[in-house]
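Spelled out, the chains give:
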Amino acid sequence: MSMLTQRILMFRVNRQTDYAVRVVLALAKKPQGTRLPTSEIGREMLIPPSLLQRIVAELANGGYIKTQPGRDGGISLAHLPSEITLLQVVEHFEGNLVISDCILKEGDCPFETKCPVSCQWKRLNDILKAEMSRITFKQLVEDGKQIEASQEATTASNQLKVVSNKKSFSLTDSISA
């Protein structure tokens, strides 16, 4: 593994955490109290069934979702999407978010009190955590709607250009014939 790859992995959220975020997001898109089958979320969010059950169990243990067994069962959010942050879900699965080992535990680094890098790692870590704590699942749902609307507008615009180009092409063909 190259040094660059090692550096990138240090900041990487693991796949299970990414899937957990997707589960919460899928539920946040629905009206409050909506119960969805886990299989439906798995299909929608492309989560392998083998991981989905573990993720759902861990989200339920963390108090983020409620589970209802049985034929009419499923899972639903335990809180409003505006009350669940990205940081909460990530740290539930990853543990305390730390971007460098040197700030992991106070007193572990012999250079801590005189190191200009250590204080910058701490500052950057605090910024990352503060930003992630501001991102709620309500905001992620709204962001997703904006992205979807933007993509639809781009698709419609591209289709209009194609139709417009076909019309001008056929007019040119008629004139030259």
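These numbers come from a predicted model, not from an experiment.

Reading guide: rules and limits
- Residues numbered from 1 in each chain as written.
- Predicted model: local features only at pLDDT ≥ 70, side-chain atom pairs only at ≥ 80, totals over all residues.
- Heavy atoms only, no water.
- Helix = DSSP H or I, 4+ residues; strand = E, 2+ residues; numbered from the N terminus.
- Contact = heavy atoms within 4.5 Å.
- Areas by Shrake-Rupley, 256 points an atom, 1.4 Å probe, with all protein chains shown as cover.
- Core = buried A, V, L, I, M, F, W, Y, C linked by side-chain atoms within 4.5 Å.
- Buried < 20%, exposed > 50% of the residue type's maximum accessible area, 1.4 Å probe, protein only.
- Pairing = 2+ DSSP bridges.
- Salt bridge = Lys/Arg side-chain N within 4 Å of Asp/Glu carboxyl O.
- Arc of directions from axis to C-beta.

Asker: I tried to follow the overall build of the protein chain on my own but got confused; where do I start?
Answerer: A tally of helices and strands in the protein chain yields 7 helices and 2 strands. Counted from the first residue to the last, the protein chain has its helices and strands arranged as α-α-α-α-β-β-α-α-α. In the protein chain, of all internal contacts separated by at least 6 residues, the share reaching a separation of at least 24 is 66%. When the accessible area of the protein chain is evaluated, it comes to approximately 12,100 Å², of which 56% is carbon and sulfur surface.

Asker: Help me understand the nonpolar core in this model?
Answerer: Side chains of nonpolar character tend, in soluble globular proteins, to be buried together. In terms of nonpolar packing, the biggest core is built from 31 residues, with Val23, Leu59 and Val89 touching the most fellow members. Of all the elements in the fold, those that place two or more residues in this core are α2 (15-28), α3 (38-45), α4 (49-61), β2 (74-77), α5 (86-94) and α7 (137-176). In terms of residue count, α2 provides more of this core than any other element does, 8 residues in total. Excluding anything up to four places from it in sequence, Leu59 contacts Ala20, Val23, Val24, Tyr64, Ile65, Val89 and Phe93.

Asker: Would you mind showing me how to read unusual backbone geometry here?
Answerer: Glycine aside, negative phi is the norm for most residues, and most peptide bonds take the trans geometry. A positive phi angle, close to 55°, is found at Leu46, a residue other than glycine. Its place among the elements puts Leu46 in the loop between α3 and α4. For Leu46, a relative accessible area of 67% puts it in the exposed group.

Asker: Explain the environment of Leu124 here, please?
Answerer: Secondary-structure assignment places Leu124 in helix α6 (residues 116-134). Sequence-wise, Leu124 and Ile99 are 25 residues apart; in three dimensions their C-alpha atoms are separated by 8.1 Å.

Asker: Please explain the pairing of β2 as it appears in this structure.
Answerer: Two faces make up the sheet, and in a regular strand the side chains alternate between them. Here β2 shows two buried faces, one formed by Gly74 and Ser76 and the other by Ile75 and Leu77. In the sheet, strand β1 (residues 65-68) pairs with β2 via 4 bridges, with the strands oriented antiparallel. The residue of β2 that forms the bridge with Gln68 is Gly74. The loop that links β1 with its antiparallel partner β2 comprises 5 residues; one of these, Gly70, has a positive phi angle of about 105°.

Asker: I would appreciate a short explanation of the pattern of salt bridges in the present structure.
Answerer: A side chain of one charge can pair with a side chain of the opposite charge if their charged atoms are brought near each other. Under the defined criterion, the tally for this structure stands at 5 salt bridges. With its nearest N and O atoms 3.2 Å apart, the salt bridge here joins Lys129 to Glu91. A residue pair is termed long-range when its members are at least 10 positions apart, and Lys129 in helix α6 and Glu91 in helix α5 qualify at 38 residues. According to the relative accessible area criterion, Glu91 is partly exposed, its value standing at 22%. Two residues, Arg134 and Glu131, come together in a salt bridge whose shortest N-O distance is 2.7 Å. Residue Arg134 and its partner Glu131 are both found in helix α6; the two are separated by 3 residues, about one turn of the helix. For Arg134, a relative accessible area of 52% corresponds to the exposed category.

Asker: In this structure, what is going on with α5? I would like to understand it.
Answerer: Helical geometry: 3.6 residues make up each α-helical turn, so side chains three or four residues apart lie on a common side. When α5 is considered as a whole, its buried residues turn out to be Leu86, Leu87, Val89, Val90 and Phe93. The buried side chains of α5 occupy one side of the element, clustering within an arc of 165° when seen end-on. Trailing α5 by a residue or two, Gly95 shows a phi angle of about 90°, which is positive.

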